[in-house]
Amino acid sequence: MTCLRTVSIATLGALCSLSVQAADWQPLLDEELSQWEIYLGYPSTDTEVSDLKRDEQGEYLEPVGYGRDEWNVFSVSTDSGEPVLRVSGEIYGGIFTRKDFSNYHLRLQIKWGSQKWQPRKELPLDTGILYHGQGEHGVDYWRAWPLSQEFQIVEKGVDGTTGDWWKIAHSQIDIRCETVNEDEPPVYSPTAPLKTFGGHGSDITCRASEDHEKPSGEWNTLDLITYGDKSLHIVNGEVVMALSGSSFPEDGEIKPLTEGQIVLQSEAGEAFFRRIDIKSIDGIPEQYQHYFE
């Protein structure tokens, strides 16, 4: 009886420990998209929006705006037994969290669909995770997203690598990047000197160190870890970029960009997201701290 009791208590302790660890993760995705809002920018000329003004060439003169999506650019299916978010990509824009977040570990899974829209019909499928989103949406080059940092997600090809960083609006960040080919963007290298990207400058992107994306049609697991002004882009368990100094210039000052909305992009290509979970952290995990030394 003593032996059985000891085993039972040990087993119970292990189960309790697992339960506490699991409880740290909070799901962000449900069938009703209850934790998200939507912003859609300027439709392509192929998309019919009867109440938006067009110019003589058929280009839209105003965005769709907030809280409107009769095209199902963002929709949820539970056919697989769990909520899966489909992003059609038909209109540039984003689905963004109602709450602001800071100091967190975000984990999600993504796989590609097949549908493409203008202006990327002949280009690789493309989306992204924007983090520390602040202010109005539609202030970037594509008039679709807020000031933020981008964890790029792009289909295998010549158009970049999943895990790349892109400047959104006038965001700024420091990355250890080196020039490998003069005709291509610099590439992250943990041994390269720090360089400041973004802001009001012309350096708008840095490539991930390596391509760890799975073949099209398979689920990829992406982790975004961010604490203070630092962040890590992790693709299928591999760190492909470490970033620091997240900020933005305003009124002659450099201001911190360390909290805000999480945004999933609609960018002219079909993608599916599932298992979008988040947990708070109290520092960069020990196994990753050497990236910032």
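A brief look at the structure comes next. None of these values were measured; they are calculated from a predicted model. (Residues numbered from 1 in each chain as written. Predicted model: local features only at pLDDT ≥ 70, side-chain atom pairs only at ≥ 80, totals over all residues. Heavy atoms only, no water.)

### A look at unusual backbone geometry
Under the convention used in this document: The way it works is that DSSP assigns letters per residue, a run of H or I at least four long becomes a helix, a run of E at least two long becomes a strand, and they are numbered from the N terminus.
Residue P119 follows Q118 across a cis peptide bond; omega there is 10°. Here P119 shows up in the loop between β7 (104-116) and β8 (126-134). One non-glycine residue with positive phi stands out, namely N72, at about 55°. In this model, A268 sits at a positive phi of 70°, which is unusual for a non-glycine residue. With respect to the secondary-structure elements, A268 resides in the loop between β19 (261-266) and β20 (269-280).

### What to know about the packing of aromatic side chains
Here is the rule we go by: Two rings from Phe, Tyr or Trp (for Trp, the six-membered ring) form a pair when their centres sit within 6.5 Å of each other. Planes less than 30 degrees apart are called stacked, planes more than 60 degrees apart edge-to-face, and all others tilted. A 1.4 Å probe rolled over the protein chains alone gives each residue an accessible area, and that area as a share of the maximum for its type sets the label: buried under 20%, exposed over 50%, partly exposed in between.
One pass over the structure, following the stated rule, counts seven aromatic pairs. Between F101 and Y104 the ring centres are 6.2 Å apart and the planes differ by 70°, which places this aromatic pair in the edge-to-face class. Exposure remark for F101: the relative accessible area of 14% places this residue in the buried category. Every member of this aromatic cluster is reached through a ring pair, and the members are Y92, Y141, W142 and W145.

### Remarks on the nonpolar core
Soluble globular proteins tend to pack their nonpolar side chains together in the buried interior. Keep this limit in mind: Within this scheme, the nonpolar core is defined by two criteria: the residues are buried Ala, Val, Leu, Ile, Met, Phe, Trp, Tyr or Cys, and they are joined through side-chain atoms within 4.5 Å. A contact between two residues is defined here by any heavy atoms of the two lying within 4.5 Å.
Within the largest apolar cluster, 56 residues are counted, with the highest numbers of intra-cluster contacts made by L106, I129, I175 and F273. Every residue in contact with F273, bar those within four places of it in the chain, is listed here: L29, P83, V84, L85, V87, L108, Q109, I110, T127, I153, W219 and L264. If you look at the next biggest cluster of nonpolar residues, it comprises 10 residues, including W117, A144, W145 and A268.

### Quick look at empty space enclosed by the protein
Which entries qualify depends on this criterion: Grid points spaced at 1 Å over the protein atoms alone were grouped into cavities, where a 1.4 Å probe fits but cannot get out, and pockets, open sets with protein on both sides within 12 Å along at least five of seven lines, with lining residues defined by an atom within 4 Å of a point. Grid points are joined across faces, edges and corners, and a volume is the space filled by probe spheres set on the points. We call Asp, Glu, Lys and Arg charged. Ala, Val, Leu, Ile, Met, Phe, Trp, Tyr, Cys and Pro are nonpolar, and the rest, Gly among them, are polar.
Scanning all chains against the criterion turns up one cavity of 30 Å³ or more. Each pocket or cavity is described by its volume, and for the largest cavity that value is around 40 Å³. Around the largest cavity sit I110, K111, W112, I153, T162, E213, N220 and L222, which together line it. Broken down by secondary-structure element, the contributors of at least two residues to the lining of the largest cavity are β7 and β15 (220-227). Among the elements that line the lining of the largest cavity, the one with the most residues is β7, at three residues. The residue makeup of the lining of the largest cavity, split by class, is four nonpolar, two polar and two charged.

### Things to note about the pattern of salt bridges
Test applied: Salt bridges are counted wherever a side-chain nitrogen of Lys or Arg sits within 4 Å of a carboxyl oxygen of Asp or Glu.
Enumeration according to the criterion identifies 14 salt bridges in this entry. Here R98 makes a salt bridge to E37, at a shortest N to O gap of 3.5 Å. Taken as a pair, R98 in the loop between β6 (93-97) and β7 and E37 in strand β2 (residues 36-40) lie far apart in primary sequence, 61 residues in all. Of the residues examined, E37 reaches a relative accessible area of 31% and is grouped as partly exposed. Between E250 and K255 there is a salt bridge; the shortest N-O distance is 2.8 Å. When its relative accessible area of 25% is taken as the criterion, K255 is described as partly exposed. Residues joined in a network through salt bridges with shared partners are D51, R68 and E70.

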